[in-house]
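Here is how the chains run, residue by residue.
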Amino acid sequence: MRYRAVVLDVDGVLTNFRSAWKRIHDILGIDADLNRALYERGYIDYIDWAAADVALWRGVPRYVVEAPFRPREGFDQLCDVLRRSGAVAVAVSAGVGYTRRLSGCFAEFYVNDIIYDGDLVAGIAVEVTNANKAEVAAKALSRYGVSLDESIAVGDSETDLPLLESAGFSIAFNPTSRRVEEAADVVLRSQRLHVLAKYLSSLLLR
């Protein structure tokens, strides 16, 4: 089968940090463990969790929460493979909008965007949750006449499970749990994206 699209997670796959949320907490020196605990115990849903986390950043300047970062080594090579393949490249992230600086590699890039009042953090617009990545990806791909079962999905965490389980072919890249490993057709482990680029090349350019 010739795959017509690639859907990639961002945090932990394209970036060295596992969570764009935690990265900001760490930059600001904020302990957000209570919010996580409330979510994990079912007291709040994902949208409320996101709002609670961003409330801890309220009033912080844009330049702080959008502090520059570098993608994983090999990102340019990965983008080159995606471009040469002609596949529709889509990124779907439950992270934070500052990772949009990587969006030039993709036809579509979905993430949760910070709302600013002037240049100060005021809130969050949640589009991608811990459970709707497959739905978001399917809707994006439908604009190109492509279905998820014609696509390759790449993810690392349990947030990616619906996507990995719905795609025609799935890759767990540095998986964070056994469930993620078991949901994928292939498991790749590397601190660089060259390995992923090479594997995708074998699937897309053969």
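In what follows, the structure referred to is the one given above.
The structure contained in this document is the topic of the report that follows.

What counts as what
Numbers given for residues are sequential positions, taken from 1 along each chain in its written order. Restriction of local features to residues with pLDDT of at least 70 applies here, the model being predicted, together with a cutoff of 80 or more for giving and counting side-chain atom pairs; totals for whole chains, interfaces and linings are based on all residues. Processing note: side-chain calculations cover all non-hydrogen atoms of the structure and skip hydrogens and water entirely. Simply put, an axis is a line fit to the C-alpha atoms, just over the touching stretch for a helix, and the angle between two N-to-C directions goes from 0 to 180 degrees. Here a strand is any run of E in DSSP of at least two residues, a helix any run of H or I of at least four, and the numbering for each starts at the N terminus. Any angle between 65 and 115 degrees counts as roughly perpendicular, while under 35 counts as roughly parallel, over 145 as roughly antiparallel, and the rest as oblique. Residues are treated as being in contact if the distance between any of their heavy atoms lies within 4.5 Å. Throughout, the ten residues Ala, Val, Leu, Ile, Met, Phe, Trp, Tyr, Cys and Pro are labelled nonpolar, Asp, Glu, Lys and Arg are labelled charged, and all others, Gly among them, are labelled polar. Whether two strands pair comes down to DSSP finding at least two bridges between them.

## Side note on the packing of helix H2 (residues 33–40) against helix H3 (residues 46–55)
Stage number 1. Remark: H2 packs on H3, axes separated minimally by 10 Å, with the N-to-C direction vectors making an angle of 170°. Considered as vectors, H2 and H3 are oriented roughly antiparallel to each other. Across the interface between the two elements, Asn 35, Arg 36 and Tyr 39 from H2 touch Tyr 46, Trp 49, Ala 52 and Asp 53 from H3.
Stage number 2. In the contact of H2 with H3, the residues fall into 4 nonpolar, 1 polar and 2 charged.

## Quick look at the sheet that holds strand E2 (residues 88–96)
Stage number 1. The 7 strands are arranged E4-E3-E2-E1-E5-E6-E7 in an open sheet whose pairing can be described as mixed. Only two strands of the sheet have a single neighbouring strand rather than two, namely strand E4 (120–125) and strand E7 (186–188). For this sheet the average axis-to-axis angle between neighbouring strands, irrespective of direction, equals 25°.
Stage number 2. Its contacts with the sheet place helix H1 (residues 20–28) against E2, strand E3 (108–117) and E4, and it is angled at close to 40° to E2.
Stage number 3. H3 rests against E2, E3 and E4 of the sheet, and its axis sits at about 175° to E4.

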